[in-house]
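Listed below, chain by chain, are the residues.
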Amino acid sequence: MVYVSDWWGRIGLQLKLRILIQGFLIVVLVAAQQWISIQIGHGVQNAAEERAKTLADGTINGLNTLMVTKVGKDDLISDQKVRALFIQKMGASENIKEMRVVRGKRVDDEFDGGLPQEKPVDDMDRRVLASGKTEFQLIRSNDGDASLRTVVPFIAKKNFRTTNCLKCHKVEEGSVLGAASVVIDIKNDLASIKKDNPWIWIGQGALQFI
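Bear in mind the structure is a predicted one, so any value in this text is a computation, not a measurement.

Rules behind the numbers
Residues numbered from 1 in each chain as written. Predicted model: local features only at pLDDT ≥ 70, side-chain atom pairs only at ≥ 80, totals over all residues. Heavy atoms only, no water. pLDDT = per-residue confidence, 0-100. Helix = DSSP H or I, 4+ residues; strand = E, 2+ residues; numbered from the N terminus. Buried < 20%, exposed > 50% of the residue type's maximum accessible area, 1.4 Å probe, protein only. Polar contact = N/O pair within 3.5 Å; in protein donor to acceptor, adjacent residues only side chain to side chain. Patch = residues over 30% accessible without salt bridge, like charges linked within 9 Å, V, L, I, M, F, W, Y side chains within 5 Å. Areas by Shrake-Rupley, 256 points an atom, 1.4 Å probe, with all protein chains shown as cover. Salt bridge = Lys/Arg side-chain N within 4 Å of Asp/Glu carboxyl O. Core = buried A, V, L, I, M, F, W, Y, C linked by side-chain atoms within 4.5 Å. Contact = heavy atoms within 4.5 Å. Pairing = 2+ DSSP bridges. Axes fitted to C-alpha atoms, helices over the stretch in contact; angles between N-to-C directions.

## Observations concerning the confidence of the model for the chain
Looking at the chain as a whole, its pLDDT mean stands at 82, while 94% of the residues score no less than 70. Summarising per-element confidence for the chain, the mean pLDDT is lowest in helix α1 (residues 2–10) (68) and highest in helix α5 (residues 123–131) (94).

So this is what it looks like as structure tokens:
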């Protein structure tokens, strides 16, 4: 410690300023890089969340259309094959690993004919059905796979895009009718961020040298 103090006292003022300024820049730029990396990661996750919510919203619109479209005396949504095919087609998009529609208990009590895949499969499904609030979950595996799961509730309203849900469902307004669970693959997005990190470090090194 005494040696460092003696050394510091012997060096010139110009070198002292360089050391102090350079050290300050290193701390600031490293912190800035970490912040930028975190913000980019949040941007990828937010984009995936918005895509999942858009897909879930489109699914709600589609199911709503099937509900009000009749063939003879029956509406299309009561046809299990039509409903299953619709969900399958909605999930057949790029980077969509899973697309499910979960029926709430009120709908199960009111209408028979629920499909096995329309039942809640875990606590996340059950929490959304109980709370009526959207939930997100980032899923990572040891092999580098990464996905974002989003569960969006379907809420009964008197005026849901020109449709009165309460005419078909004998429930109170605000009741949770079901939910859509969407899993989006974000592995490539996160890998792209990881690939760009070395270039950020190289840029920082060049800036420090200059």
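## Considering the side chain of serine 175
Counting through the fold element by element, serine 175 comes out in the loop between α6 (165–168) and β6 (176–185). According to the relative accessible area criterion, serine 175 is buried, its value standing at 11%. Reaching out from serine 175, the side chain makes a polar contact with the backbone oxygen of glutamate 172 at a distance of 2.7 Å.

## Focus on a nonpolar patch on the surface
Residues Leu13, Leu17, Ile21, Phe24, Leu25 and Val28 make up a contiguous nonpolar surface patch of roughly 590 Å² in combined accessible area. Checked against the element boundaries, leucine 13 lands in helix α2 (residues 13–68).

## Focus on the pattern of salt bridges
When the charged atoms of two side chains with opposite charge come close together, those side chains can pair. In this structure the tally under the stated criterion is 12 salt bridges. A salt bridge links lysine 53 to glutamate 50; its shortest N-O distance comes to 3.2 Å. Here lysine 53 pairs with glutamate 50, and both are found in helix α2, just 3 residues apart, close to one helical turn. Accessibility expressed as a relative area gives 32% for lysine 53, which makes it partly exposed. With its nearest N and O atoms 2.8 Å apart, the salt bridge here joins lysine 105 to aspartate 109. Within this pair, lysine 105 and its partner aspartate 109 are both found in helix α4 (residues 105–110), separated by 4 residues, close to a single helical turn. Here lysine 105 matches aspartate 109 in class, with each residue exposed.

## Here's the deal with the nonpolar core
Membership of the largest hydrophobic core comes to 30 residues, with the highest contact counts inside it found for Leu63, Met99, Phe154, Val182 and Ile186. At the level of elements, α2, α3 (80–90), β3 (96–103), β5 (146–155), α6 and β6 are the ones that each hand at least two residues to this core. Among the elements that make up this core, the one with the highest residue count is α2 (8 residues). Those residues in contact with methionine 99, other than ones at most four positions away along the chain, are Leu55, Thr59, Ile87, Met90, Gly91, Ala180, Ser181 and Val182. Val102, Met124, Val151 and Ala179 belong to the second largest nonpolar core, which has 7 residues in total.

## Let's talk about the sheet that holds β6
The strand order β3-β6-β5-β4 describes an open sheet built from 4 strands, whose pairing is antiparallel. Edge positions in the open sheet fall to β3 and β4 (135–140), since each of these has one partner strand only. The mean angle between the axes of side-by-side strands here comes to 15°, regardless of whether they run parallel or antiparallel. Relative to β6, β3 is paired through 7 bridges, and the arrangement is antiparallel. Paired with valine 102 across the strands is alanine 179, a residue of β6. Strand contacts of α5: β3, β4, β5 and β6, with the helix running at about 30° to β5, the strand carrying the most contacts.

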